[in-house]
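What follows is the residue order along each chain.
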Amino acid sequence: RQLGDFPHHVGYLQADPSRVEYWRAKLSALGPGLKIGISWRGGLKLSRAHLRSIPLDQLLPVLHQEGVHFINLQYGPCSEEMNSIQRQAGISIHHWAEAHTDFDEMAALIVALDIVVSVCTTVIHLAGALGRPTWILVPAVPEWRYLNSCNHLPWYPSVKLFRQETLGNWNDVIQEIADNLKTATRGDAERHN
């Protein structure tokens, strides 16, 4: 009945350990740096997709981070958007189709990642249930499960919310995530030096 009633947890779902190791090896082969999963479109027309989806190129301040490898967690057709970002900005978003055809496989990939950055979509619920660090871009008028004002969710302690102040304006949210990612990247570099 109250926020304090929710138990703290480090994940109540578990991915197959052998598949997590498979994905860790695959991600490690990309080289040093944080491995960040991204998803930029959520929902359908009836479930307010227009409020919780962002054109991929609008995420360039996040995608321009040095020392970071971005991994596609976006479901549905998105190769044209990723190819466009590659052509426009020289940014590669790694995509493995086998992670998108099986929810268990997606769970294993998410566990192997350092952070998930996503709009409000299924990906964040899976990542939160797995206890993975997850940063969510939340629209100014969110659905009930994202609450109204806090920067965390009591049912997913590993999740951090980045809230839109003005409906339709994602610029401040994107910049805040880019700044947080710079800090995380510096921390990762210091740990490996």
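For clarity, every value in this text was computed on a predicted model and none was experimentally measured.

A. Layout of the overall build of the chain. Across its full length, the chain carries seven helices and seven strands. Whereas a compact globule of 193 residues would reach a radius of gyration of roughly 16 Å, the chain reaches 16 Å, a difference of no more than 12%. Structurally, the chain occupies a C-alpha span of about 45 × 35 × 35 Å along its principal axes. Residues classed as buried in the chain amount to 47% of the 193 residues present. Within the chain, contacts between residues separated by at least 24 positions form 66% of all contacts whose residues are at least 6 apart in sequence. With the model as given, the accessible surface of the chain reaches about 10200 Å², and the carbon-plus-sulfur share is 53%. Seen as two clouds, the 17 positive and the 19 negative side-chain charges of the chain have centres 3 Å apart.

B. Just the sheet that holds strand S5 (residues 134-138), in detail. Ordered in space as S3-S2-S1-S4-S5-S7-S6, the seven strands form an open sheet in which the pairing is mixed. On the outer flanks of this sheet lie strand S3 (93-94) and strand S6 (152-153), each paired with one strand and no other. Bridging between strand S1 (residues 34-39) and strand S4 (residues 115-119) involves four bridges; their strand directions are parallel. Of the residues in S4, the one forming a bridge with Ile38 is Val117.

C. Molecular detail of the packing of helix H5 (residues 103-112) against helix H6 (residues 122-130). Two numbers describe how H5 lies on H6: the axes approach to 10 Å, and their chain directions differ by 65°. When the axes of H5 and H6 are compared, the crossing they make is right-handed. Touching Phe103, Met106, Ala107, Ile110 and Val111 of H5 are Thr122, Val123, Leu126, Ala127 and Leu130, all from H6.

D. Spatial organisation of the nonpolar core. Ile36, Ile38, Leu56, Leu63, Phe70 and Leu137 are the most contacted members of the largest nonpolar core, which totals 29 residues. Sorting the residues of this core by element identifies S1, helix H3 (60-63), strand S2 (68-72), helix H4 (79-89), S4, S5 and helix H7 (171-191) as the ones contributing at least two each. A per-element tally of this core places H7 first, with five residues. Leave out the neighbours within four places in its chain, and Leu63 touches Ile38, Leu56, Phe70, Ile85, Ile91 and Ile93.

E. Inspection of the pattern of salt bridges at higher detail. All chains considered together, the criterion is met by four salt bridges. For Glu105, the salt bridge is made with Arg19, and the minimal N-O distance between the two is 2.8 Å. A residue pair is termed long-range when its members are at least 10 positions apart, and Glu105 in helix H5 and Arg19 in helix H1 (residues 17-28) qualify at 86 residues. Relative accessible area serves as the criterion here: at 12%, Glu105 is assigned to the buried category. When its relative accessible area of 27% is taken as the criterion, Arg19 is described as partly exposed.

F. Representation of the packing of aromatic side chains. Tallying each qualifying case throughout the model produces four aromatic pairs. Pairing Tyr22 with Trp23 gives two aromatic rings, centres 5.1 Å apart and planes at 85°, and the pair type is edge-to-face. For Tyr22, a relative accessible area of 30% corresponds to the partly exposed category. Ring centres 5.5 Å apart and planes at 55° place the aromatic pair Trp23 and Trp96 in the tilted group.

G. A look at the side chain of Lys35. Secondary-structure assignment places Lys35 in strand S1. For the buried Lys35, which has no salt bridge, the nearest side chain bearing the opposite charge is Asp114, at an N-O separation of 5.5 Å. Of note is the side chain of Lys35, whose polar atom sits 2.7 Å from the backbone oxygen of Gly33. Ignoring sequence-local partners within four residues, the contact set of Lys35 consists of Leu27, Ser28, Leu30, His69, Leu113, Asp114 and Ile115.

H. A look at the packing of H1 against H5. Running from N to C, H1 and H5 cross one another at 55°; their axes reach a closest spacing of 8 Å. On the basis of the axis angle, H1 is oblique to H5. Note that H1 runs across H5; the crossing there is right-handed. The residues of H5 that touch H1, namely those facing Arg19, Val20, Tyr22, Trp23, Arg24 and Leu27, are Glu105, Ala108, Leu109, Val111 and Ala112. Counted by class, the contact of H1 with H5 contains eight nonpolar, no polar and three charged residues.

Analysis parameters
Residues numbered from 1 in each chain as written. Predicted model: local features only at pLDDT ≥ 70, side-chain atom pairs only at ≥ 80, totals over all residues. Heavy atoms only, no water. Helix = DSSP H or I, 4+ residues; strand = E, 2+ residues; numbered from the N terminus. Rg over C-alpha atoms; globule rule 2.2 N^0.38 Å. Buried < 20%, exposed > 50% of the residue type's maximum accessible area, 1.4 Å probe, protein only. Contact = heavy atoms within 4.5 Å. Areas by Shrake-Rupley, 256 points an atom, 1.4 Å probe, with all protein chains shown as cover. Lys, Arg positive; Asp, Glu negative; His and termini not counted. Charge placed at Lys NZ, Arg CZ, Asp CG, Glu CD. Pairing = 2+ DSSP bridges. Axes fitted to C-alpha atoms, helices over the stretch in contact; angles between N-to-C directions. Left-handed = near helix turned anticlockwise from the far one by under 90°. Core = buried A, V, L, I, M, F, W, Y, C linked by side-chain atoms within 4.5 Å. Salt bridge = Lys/Arg side-chain N within 4 Å of Asp/Glu carboxyl O. Phe/Tyr/Trp six-rings, centres within 6.5 Å; stacked < 30°, edge-to-face > 60°. Polar contact = N/O pair within 3.5 Å; in protein donor to acceptor, adjacent residues only side chain to side chain. Parallel < 35°, antiparallel > 145°, perpendicular 65-115°, else oblique. Nonpolar A, V, L, I, M, F, W, Y, C, P; charged D, E, K, R; others polar.

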